[in-house]
Amino acid sequence: MSFVHLHNHTQYSALDGACRTDKIIKLAKEFGMPAVAMTDHGTMSGAIDFYVTAMKEGIKPIIGIEAYVINGELDGTKNRNERRHHLVLLARNNQGYQNLIKLSSRSYLEGFYYKPRMSKSLLQEYSEGLICLSACLHGEIPTLLLEKKVKEAEEVVQFYKEIFPDNFYIELMDHGIEEEKIVIPELIELAKRTDTPLVVTNDCHYLKKEDAEAHDILLCIQTGKTKDDQNRMRYETDQLYFKTEEEMRALFPD
């Protein structure tokens, strides 16, 4: 069975993703991968470009988004202090694709506050045809585990298993970040306790390891900072690149 990257940020994740759609698809083909996903931050603006390019190259396109989810409702000013949690949504059929369009559109039209946000009730309304992954360290489940809120994390898992029956996965990532080392065994134990399948991903923001510095500069442009600013937003790793299957298997040999 071939490894497929399911968590990737293209240039449509504005000033954050540095994986051009044509290049990430060609790299997937070069690595012998049969498919590749696009999961840009809150947006599907690159979906057609991604789909058409992938089909031309004979690669199966998996269309998705990395959503910003809040626990409250999208009801104006009341929820502006709500914490945003990342969540990966992938279309598994045409119905899922249509629901992704609705979720993304409504997150901009009704939920936009710095980011295009969606509520859990909106997810329930448009969950059909979607596969859901628990996302990176900014996902609600890893966040709760790092805060030692194990019971609350189990409740969130059960919630997503109910609205995405047989299509919810706990996501494992290892970019050499300290918090990941702490949370990976806890995520595995949580998956066992709740009988939830696991999926391994890499949070791809650029294509090659040597692109890490260029990506860091991109983040500086996004946040209006310079590289000398010690308190700026940055990723404390150079592992957010499009890895080979061999590299991914080496990270998770079990």
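In this text, all values refer to a predicted model and were calculated from it rather than measured experimentally.

Draft legend 1. Layout of unusual backbone geometry. Of note, A135 is a non-glycine position whose phi angle comes to about 80 degrees, a positive value. Positive phi, normally seen in glycine, also occurs at D195, with a value near 55 degrees. Here D195 shows up in the loop between α7 (178-194) and β8 (198-200).

Draft legend 2. Spatial organisation of the pattern of salt bridges. Evaluated as defined, the whole model comprises 13 salt bridges. With a closest N to O distance of 3.7 Å, K192 and E189 form a salt bridge. One end of the pair, K192, and the other, E189, are both in helix α7, 3 residues apart, so they sit about a helical turn from each other. E189 sits in the partly exposed class, given a relative accessible area of 39%. Salt-bridge contacts for D238 lead to K209; the nearest nitrogen and oxygen are separated by 4.0 Å. In this pair, D238 is assigned in the loop between α8 (212-223) and α9 (245-251) and K209 in the loop between β8 and α8, connecting sequence segments 29 residues apart. Given a relative accessible area of 32%, D238 falls into the partly exposed group. Overall, K209 belongs to the partly exposed group, its relative accessible area being 39%. Three or more residues joined by partner-sharing salt bridges are found here, namely R83, E147 and K149.

Rules behind the numbers
- Residues numbered from 1 in each chain as written.
- Predicted model: local features only at pLDDT ≥ 70, side-chain atom pairs only at ≥ 80, totals over all residues.
- Heavy atoms only, no water.
- Helix = DSSP H or I, 4+ residues; strand = E, 2+ residues; numbered from the N terminus.
- Salt bridge = Lys/Arg side-chain N within 4 Å of Asp/Glu carboxyl O.
- Buried < 20%, exposed > 50% of the residue type's maximum accessible area, 1.4 Å probe, protein only.

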